[in-house]
Amino acid sequence: MDQKIKIEPTQYSNGWLWKMAWRDSRRSRSRLFLFTSAIILGISALVAINSFRDSLFDEINNQAKGLLGADLVIESNKPIPTEQLYYLDSLGSEWSRESAFASMIYFPRTDGTRLVQVRALDGNFPYYGEIETLPEEAARKFQMGKTALVDQTLMLQYDVDVGDEVKVGEVTFEIVGKLQQVPGQSGITATVAPVVYIPYRYLEQTGLVQRGSRINYNFYYKFGDEEQATRLVEAEKDKWDAMGFDWETIEDRKRSTGEAFGNLTNFLNLVAFVALLLGCVGVASAVHIYIKEKIAIVSVLRCLGVKGWQAFKIYLFQISVMGFIGSVIGAMLGSLLQGYLPELMKDFIPMTLDVGFSWASVAEGIVLGTVISVLFALIPLLTVRHVSPLRAIRASFEEQVASKDKLVWLVGGLVILFVFSFAWIQIKKPLDAMFFTIGLIIAFAALVGLSKLVMVVVRKYFPTDWSYVWRQGLANLYRPQNQTLILITSIGLGTALITTLYLVQDILVDKVSISGSGDRPNMVLFDIQTSQKDEISELTVDYDMPVIQEVPIVTMRLLEVEGTTLADLKADSTIDMPKWAFNREYRVTYRDELIDSEEIFEGTWHGDVENSSDSVLVSISKGYAENLNLEIGDEMVFNVQGAVIAARVGSFRDIDWSRVQTNFLVVFPTGVLEKAPQFHVLVTRTDNKELSARYQQAIVRSYPNISIVDLELILKTLDDILGKVAFVIRFMALFSIVTGLLVLIGSVIISKFQRVQESVLLRTLGAVKKQIYQITALEYLILGALSSLAGVFISLIGSWMLAIFTFEAPFVPTLLPMLVTFVSITLLTMFIGLSNSRGIVSKPPLEILRNET
Amino acid sequence: MSSILEVSQLTKQYESGSRSLQVLQDINFTVAEGASCAIVGPSGSGKTTLLGLCAGLDAPSSGEIALNQIKLSALTEDERAQVRNQFVGFVFQNFQLIPTLTALENVMVPLELRGEKGVRKIAQELLDRVGLADRVMHYPTQLSGGEQQRVSIARAFSNSPKILFADEPTGNLDEETSEKIEQLLFDLNHEQGTTLIMVTHDLELARKTDRIIRLKGGKLVEEEMVVS
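Starting from 1, residues in each chain are numbered consecutively following that chain's sequence as written. To read the labels, note that chains go from A and ligands from 1, taken in the order they are written. This being a predicted model, a pLDDT of at least 70 is required before a residue's local features are given, and a value of 80 or more before pairs of side-chain atoms are given or counted; all residues contribute to the totals for chains, interfaces and linings.

Right, let's talk about the sheet that holds strand β6 (residues 88–91) of chain B for a bit. Residues and elements named next belong to chain B. An order of β6-β7-β8-β3-β9-β10 is seen for the 6 strands of this open sheet, with the pairing classed as mixed. Among the strands making up the open sheet, the edge pair consists of β6 and β10 (219–225). Averaged over all pairs of adjacent strands, the angle between their axes in this sheet comes to 20°, without regard to strand direction. Across 4 bridges, the pairing between strand β3 (residues 36–40) and strand β9 (residues 211–216) is parallel. Pairing of I39 across the sheet is with I213, part of β9. The strands touched by helix α1 (residues 47–54) within the sheet are β3, β7 (163–167), β8 (195–199) and β9, with β8 carrying the most contacts at an inclination of about 150°. Any two strands with at least two DSSP-identified bridges between them are counted as paired. Secondary structure is summarised from DSSP: a helix means a run of H or I of at least four residues, a strand means a run of E of at least two, and numbering begins at the N terminus for each. Angles shown run from 0 to 180 degrees and are taken between the N-to-C directions of axes, each axis being a line fitted to C-alpha atoms and, for helices, limited to the stretch in contact. Contact criterion: two residues are in contact if their C-beta atoms, reconstructed from the backbone, are within 7 Å.

Below you can see the structure in the form of structure tokens.
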């Protein structure tokens with residue numbers, strides 16, 4: 001037969017498909033909006049954090065000069081010889097000098113003592129920005145008299161005011177101003193080491209500059225031209241290296257501040273990324289169920305002549321628009337929220353931050369949100385192309401083409417690529433991003449496997465003799481239209497991500513907390529001169545406190561390792577040894593036995609040197625040995641304040657640094673350093689706060705050169721800081737949790753439409769409310785329990801791996817939060833499932849069927 | 001009169017696991033343009049499958065179907081969709097209106113698919129013709145079964161199809177409503193000169209067509225010309 005009649009190409013355009021998408025969405029918008037809300041939260045978290053990051057980096061660029069306070073800072077931790085002083089003077093016409101060190105101070109009126117950072121300043125530093133004080137003029141006036149500036153929080157804590165006195169070493173100063181802000185210092189640094197400024201010319205009189213005192217010597221230069229500082233650094237850096245100087249320009253400060261906050265925002269970004277991923281899970285599961293419902297409509301459209309791709313486009317348009325709307329709302333919400341972030345993080349930021357509207361972050365959020373909405377919706381959406389028109393006349397007809405569809409695999413690949421690329425952008429480490437992505441794939445596969453297993457096991461071992469309610473509830477897990485796969489995967493993945501976030505937070509907090517309980521020491525006295533040693537011991541015993549440890553300390557520098565010197569390192573960049581090993585000052589002790597916080601890892605412990613001709617065998621900490629690539633028997637030459645001593649590596653020690661002990665990188669045997677100039681450290685403990693205060697006052701009054709580290713105070717400060725960090729983490733994690741809950745609610749509510757018809761049928765056949773509730777409760781209880789249990793289990797494995805490989809910390813998961821997560825997710829799933837049924841059982845079956853189907 | 005539908009040596013089998021299920025065997029018949037024809041037979045005899053194949057909703061296992069002289073086996077599914085839109089109308093037993101569209105929009109769909117202008121007016125006239133002028137903005141769930149089937153008939157005739165396939169068009173309706181629907185169907189069939197192929201269990205209804213094709217066990221067992 002001749003084909004005489006031509007098929008006309010279809011005339012309708014995308015315009016009609018858009019119109020159709022609009023019409024079809026009218027009755028489904030509340031359902032579509034549910035998945036959109038997941039995107040809204042994910043995007044708002046991301047935009048808030050990115051906008052905050054943009055504002056922060058803008059501000060760092062604007063305020064970089066104020067952060068450093070000068071065009072160039074040259075630093076040294078060794079006393080500056082006179083000829084070097086002349087040289088430093090010749091580098092610029094306008095400069096200031098500062099000696100900074102830790103010391104005890106004493107407030108005579110209130111009898112308070114505290115370890116602070118003393119800064120003796122000479123000159124007009126800061127040249128950019130300012131030392132903010134109350135009253136304002138105090139910052140410039142304090143150098144004129146015997147006056148000091150004291151950190152305002154410290155003054156508040158010790159109940160002192162302007163006009164009171166503060167004793168620093170042997171000199172008593174009048175406090176003329178409360179120190180509010182020092183260039184480049186954040187609120188948190190001030191809490192750990194509060195600053196006291198004194199005029200430089202009184203430094204000697206304080207008597208705090210003694211042998212062994214750890215002082216930083218800073219020289220601040222103003223050139224009025226950043227370029228000049230850079231040129232000077234280029235020309236002089238070799239000379240400064242040789243003199244053991246460090247230096248920093250405004251550019252360096254911009255970079256280091258940027259890096260420090262880069263890490264902070266990267267962590268927060270990761271939290272937002274988790275929120276966004278949960279949003280993606282929400283999109284995928286919601287669209288999956290949404291499309292299942294639309295199949296009947298698609299089959300009719302196909303009968304009327306719509307092509308597969310065109311049916312696909314109708315729903316693609318719907319999802320894109322809802323994704324776009326969600327992203328716009330999310331981006332707006334994020335922009336509003338970012339106004340709150342500077343307030344949240346004010347203690348961590350060394351500057352005042354004015355947040356602006358970041359168009360770049362908003363645009364990024366909108367594009368990203370729309371792209372992920374479409375990308376994660378694509379796999380369920382693609383099935384629309386294969387819906388047969390036959391379904392319109394045969395409801396039982398089912399296409400089985402998903403696994404053969406190459407596009408599904410392609411989109412799957414794109415999803416994986418997206419997760420990997422985005423994780424890479426957020427974490428900045430491709431290997432970590434790869435492990436993160438693989439971890440997610442494994443978690444997803446495990447959840448899919450679990451769902452299939454549940455269906456097979458329930459079907460195979462179905463308890464045929466159980467009551468009807470049990471049989472119906474269990475059968476719902478594997479019958480056609482079951483929700484086992486979609487709910488276990490989405491709820492399980494959501495639970496896993498949230499629990500992992502919580503457990504990681506636990507690991508981080510545990511890692512930095514120190515136990516101050518039990519019989520452990522809680523007070524350490526530094527810088528005790530040899531002549532003061534016995535008196536301090538006696539005083540300690542007089543106050544009824546134990547002398548737990550008394551350690552001599554000798555300062556020295558490293559000259560050679562196996563013949564390699566600092567000069568060799570500078571000449572040959574291929575030598576694998578860090579320069580700091582030669583630049584730093586070593587505080588070394590000597591003793592004839594190991595202490596309980598250390599054990600020999602390799603080699604043999606040598607406690608003493610009997611004859612002066614014997615080799616000096618030192619013990620090295622394991623980490624330090626690894627940094628320097630040391631081996632047992634290697635020669636190390638030290639300069640002990642003028643005397644050169646050759647030693648050999650006798651052993652490596654494994655040290656538990658978290659114990660409150662004086663631990664050392666290098667330990668000498670007895671019989672070598674006894675005659676070297678040295679100072680001492682004494683470790684003691686008391687639980688009595690009043691006794692502790694009186695003891696500290698007595699020490700500071702009689703021995704002002706001695707610094708006391710009160711661990712109780714440090715622990716309290718650390719607790720405050722951790723509290724603030726934890727709050728920031730929890731605030732951001734809240735986004736993930738709320739998004740996860742939305743995904744859960746969304747999945748369960750959308751799944752309601754799968755159950756409406758049969759519940760109505762059961763009602764029609766005479767099932768009472770209680771039976772409908774019991775069947776529903778049982779199904780959702782099993783699904784909720786299985787998915788949350790699987791999620792918690794996956795998060796345990798994930799957190800354990802993160803602890804071992806990323807944070808290098810022991811992993812001891814706390815049971816309670818996991819139990820709480822398990823129980824609450826299970827109950828929540830059941831509760832939402834039951835509340836879905838409420839509408840079904842409280843209305844006449846016919847009314848529901850007319851409205852819902 | 002030329003034929004609008006030619007079915008020759010048609011077979012259809014479904015694979016179900018390792019088993020093969022023969023639904024239709026060696027079916028041959030032709031239908032002339034403008035004629036009406038009923039396919040009858042017991043449940044499971046292959047009536048709906050035959051209708052689906054003739055309308056291009058599925059592809060046969062072997063044999064050939066020519067619809068308006070276009071060989072369907074040579075076409076892809078998307079090309080068959082174009083054929084359906086251009087030449088075919090459908091009326092289903094369970095109406096198959098799109099629940100998210102109003103009555104008017106449901107009728108407009110086939111015309112809009114063809115990219116035609118002024119479709120709203122045509123759709124309104126058709127709804128008026130089937131007696132639903134005052135229900136145009138109602139959604140399917142707000143209409144009774146009879147009203148839904150009338151919308152479905154208006155939709156089926158909206159693109160002036162050359163051939164209309166009806167699958168048990170009165171199967172879900174009461175006797176009185178069924179009679180009205182049948183009348184409407186045949187009236188429009190005559191007015192527009194459309195060929196009508198109908199699957200039904202209702203022999204009385206079948207006798208109102210020009211010809212009855214009887215299926216049994218997937219085979220065409222009898223053809224009867226009806227003399228009115």
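With that settled, the discussion passes to the environment of S61 of chain B. Position of S61 of chain B among the secondary structure elements: in the loop between α1 and β4 (62–67). In contact with S61 of chain B, not counting residues within four places along its chain, are T11, K12 and Q13 of chain B.

Here β9 of chain B pairs with β10 of chain B via 6 bridges, running antiparallel. Bridged to L215 of chain B within β10 of chain B is L220 of chain B.

The partner chain B presents 34 residues to the 31 residues of chain A that form the contact. Contributions of two or more residues to the side of chain A that touches chain B are made by α1 (14–25), α9 (250–303) and α25 (845–852) of chain A. The nonpolar class holds Ala, Val, Leu, Ile, Met, Phe, Trp, Tyr, Cys and Pro. Asp, Glu, Lys and Arg form the charged class, and all remaining residues, Gly among them, are polar. When grouped by side-chain class, the residues that make up the side of chain A that touches chain B number 14 nonpolar, 7 polar and 10 charged.

If you trace the backbone, Y221 of chain A turns up in strand β9 (residues 215–222). The residues touching Y221 of chain A, leaving out its near neighbours within four places in the chain, are A70, D71, L72, L91, G92 and W95 of chain A.

Right, let's get into the environment of V287 of chain A. Residues and elements named next belong to chain A. In this structure, V287 sits in helix α9. V287 sits 89 residues away from F376 along the chain, and the two C-alpha atoms are 8.7 Å apart. In this structure V287 touches F35, I319, A377, P380 and L381, once residues within four positions along its chain are discounted.

Since one α-helical turn is 3.6 residues long, residues separated by three or four positions face the same way. Residues and elements named next belong to chain B. Residues with at least 20 neighbouring C-beta atoms inside 10 Å of their own are called buried, those with 12 or fewer are called exposed, and the rest are partly exposed, where every C-beta is derived from the backbone. Extensive coverage of α1 is indicated by the burial of 8 of its 8 residues. For α1, the full list of buried residues reads K47, T48, T49, L50, L51, G52, L53 and C54. Remark: G56 follows α1 within two positions and exhibits a positive phi of approximately 80°.

On to the packing of helix α5 (residues 145–158) of chain B against helix α6 (residues 175–192) of chain B, then. A pair of packed helices can be characterised by two numbers: the angle between their axes and the separation between those axes. All names here are of chain B. As a packed pair, α5 and α6 sit with axes 10 Å apart at the nearest point and diverge in direction by 10°. The orientation of α5 relative to α6 falls into the category roughly parallel. Contacts between α5 and α6 involve G146, Q149, R150, I153 and F157 from the first element and T177, K180, I181, L184, L185, L188 and Q192 from the second. Across the contact of α5 with α6, the residue classes tally to 6 nonpolar, 4 polar and 2 charged. For classification purposes, angles smaller than 35 degrees are called roughly parallel, those larger than 145 roughly antiparallel, those between 65 and 115 roughly perpendicular, and all remaining angles oblique.

Turning to unusual backbone geometry, a few remarks are in order. The linkage connecting F125 of chain A with the following residue, P126 of chain A, adopts the cis geometry, with an omega of 0°. Looking at the element boundaries, P126 of chain A is found in the loop between β3 (112–122) and β4 (132–134). The residue after L134 of chain A, namely P135 of chain A, is reached through a cis peptide bond having omega 0°. Along the chain, P135 of chain A falls in the loop between β4 and α4 (138–141). Phi angles above zero are rare outside glycine, and D527 of chain A is one such case at about 60°. Within the secondary structure, D527 of chain A sits in strand β11 (residues 523–529). Unusually for a residue other than glycine, Q9 of chain B sits at a positive phi of about 50°.

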